[in-house]
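Tertiary structure, described
One-letter residues, chain by chain:
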Amino acid sequence: MAAIVSKIMPILFTVVMLAVMMVLMMGVGWASGKIIRKIFGIGGK
Amino acid sequence: MDIPLLGMIYLPISGVEIMAWKLILLGFCVGVIGGFFGVGGAFMVTPALNVFGFPMAYAIGTDMAHIAGKSIVATAKHRKYGNVDMRLGLLMIFGTAVGIEFGANFIMWLEKVGRVDVTVRYTYMVLLFGLSGYMLYEYFKLTKGTTETAKPVSDADTSGLALKMQKLKIPPMIHLKTSGFHMSVWVILGVSAFTGFLAGFLGVGGGFIRMPALMYVIGCPTRVAVGTDLFEIVITGAYGAFSYAMKGRVEIIAAAVMLIGAAVGAQFGTLATQYVKGLKIRLYFASTMLLAGVSVIFKHIAGTYKGVYSSDLNAWVKANPDFIQWAQGEGVKLGSAKVQVRDWLLMNKDAVKGWLAQQSDVFQQAKAMETMWNNYSGYLMLGASVGLSILIISKMIQGVRLEKRLAVQARATAGE
């Protein structure tokens, strides 16, 4: 059991770390998109 | 003066310090270019990071993590604009995966034969110059004389090759709603396997090969090719980022800092595709490929200087007790002896400097020339990414202004 956990933990940690980073950046992208559209006065589409 | 968030940051995994603004700027520029062309942009990021003094052992992994994140942001935006053909993208992932595996195996065979470096570099150059040359020829052919005629060409028609491919009725057929035609599943799998093979063989993400393949072989409109290619880069980039992170080669702080710039840049790049004509996108893409080709020539020159001392250096590494110990433990995962030596050299720059200091002037001069040509390559890509980003954003602003002017005119006409 300990052997399996020790193998899975780094994979899980890596996946979670990358996923958190991607989600945060999607937030940055979404927010910046809103600001850019506001500055240029462009609609949603 | 040290500006918060833009000043010097410490990268804990590689243990070096780097100016944050450089990473944000690079991320932003490649974000604009990636969102506009539908490519990952590793061919620009890696040499530019080299110029910034970023440790090369971590450059590719960090780049992968940043590309995956940036592509998610850009793909989400392209999907909103109806530029992503999900069916086509999902099908192509299968073909690409098989192709990459074949490409990687072909590289291993070439390594055994001892012709890998030359073959890869020349194939890369032929592809870059061939693709850019054809696209430039097409652009000038289509735009010739349009200044005098009333209607300028906005996008190229479906190529002859794509029309032939679309006529192949080998079942099962699939309807690609976003692209607007039917196509045999086998053709899509075959094309994606071929582009995947080239990507695996060259050791690149393959966006710059897939994007033209989607336009000229499958027959997608330019914007759909950009969006669909980005969708694929999300999958391949995420897998690459995971794979490199597991090997401890992702400098997570640097990737996150670059991503801040890239997330904003991708918004500009994606938005610009709505305001720049498809044919112009092809022109800018071809120019980028041309510059990337010149950068590879610089790399090739650097490689010839490296050839002066590399065999002696490799022999020294293989006899080095530190390397032998490392290769028996950590290096086993990497596979071939050549890859082990390459990776050890990347991780032990100081040891290499020490060895070089004891060598003849010829070796030292060759090393200096190699560094110089590598820097030229990096500066060229850095300049190209900054210049292209400015061009793309300025074209976008022009498009927005024109759209507003036309809207005002339309309202005025409706009022009369």
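**Brief notes about the overall build of chain B**
Along the backbone of chain B there are 15 helices and 4 strands. Its C-alpha radius of gyration of 23 Å places chain B within 12% of the 22 Å reference for a compact globule of 416 residues. Here the C-alpha coordinates of chain B stretch approximately 85 × 60 × 40 Å along the principal axes. When each of the 416 residues of chain B is scored for burial, the buried share is 44%. Nonlocal contacts in chain B, meaning residues at least 24 apart in sequence, comprise 80% of its contacts between residues at least 6 apart.

**Points about the overall build of chain A**
Looking only at helices and strands, chain A has 1 helix and 0 strands in total. Overall, the C-alpha framework of chain A stretches about 60 × 15 × 5 Å when taken along its three principal axes. A buried classification covers 16% of the 45 residues belonging to chain A.

**Concerning the nonpolar core**
B:A68, B:M211, B:I218, B:A241, B:L259 and B:A263 are the most contacted members of the largest nonpolar core, which totals 113 residues. The leading source of residues in this core is helix α10 (residues 252-273) of chain B, at 14 residues.

**Here we look at the interface of chain A and chain B**
Opposite the 18 residues of chain A that make contact, chain B presents 24 residues. Residues of the side of chain A that touches chain B, tallied by class, amount to 13 nonpolar, 4 polar and 1 charged.

**Considering helix α1 (residues 2-40) of chain A**
One full turn of an α-helix is made of 3.6 residues, so residues set three or four places apart face in the same direction. In a regular helix each residue adds 1.5 Å, so 39 residues correspond to 57 Å; α1(A) covers 56 Å between its end C-alpha atoms and thus fits that length. Of all the residues in α1(A), the buried ones are A:L18, A:M21, A:M22, A:M25, A:V28, A:G29 and A:G33. Check the buried side of α1(A) and you find it contacts α3 (56-80), α9 (222-246) and α10 of chain B. Backbone geometry just after α1(A) places A:G41 at a positive phi near 65 degrees.

**Notes on the environment of A:K38**
Mapping A:K38 onto the fold places it in helix α1. Along the backbone, A:K38 and A:F13 are 25 residues apart, and their C-alpha atoms lie at a distance of 38 Å.

**Considering the confidence of the model for chain B**
Residues and elements named next belong to chain B. Predicted confidence across chain B gives a mean pLDDT of 83, with 94% of residues reaching 70 or more. Across chain B, element-level confidence peaks in helix α15 (residues 361-415) with a mean pLDDT of 89 and bottoms out in helix α13 (residues 337-347) with 77. For this predicted complex, the interface confidence comes out at an ipTM of 0.81, alongside a pTM of 0.81.

**Thoughts on the pairing of strand β1 (residues 8-11) of chain B**
Residue and element names in this part refer to chain B. With 4 bridges connecting them, β1 and strand β2 (residues 16-19) associate as antiparallel partners. Within β2, the residue paired with M8 across the bridge is M19. Between β1 and β2, which follow one another and run antiparallel, lie 4 residues, and G15 among them has a positive phi close to 75 degrees.

Cut-offs used in this document
- Residues numbered from 1 in each chain as written.
- Chains lettered and ligands numbered in written order.
- Predicted model: local features only at pLDDT ≥ 70, side-chain atom pairs only at ≥ 80, totals over all residues.
- Helix = DSSP H or I, 4+ residues; strand = E, 2+ residues; numbered from the N terminus.
- Rg over C-alpha atoms; globule rule 2.2 N^0.38 Å.
- Buried ≥ 20, exposed ≤ 12 C-beta atoms within 10 Å, placed from the backbone.
- Contact = placed C-beta atoms within 7 Å.
- Core = buried A, V, L, I, M, F, W, Y, C linked by C-beta atoms within 7 Å.
- Nonpolar A, V, L, I, M, F, W, Y, C, P; charged D, E, K, R; others polar.
- Expected span 1.5 Å × (residues − 1).
- pLDDT = per-residue confidence, 0-100.
- Pairing = 2+ DSSP bridges.

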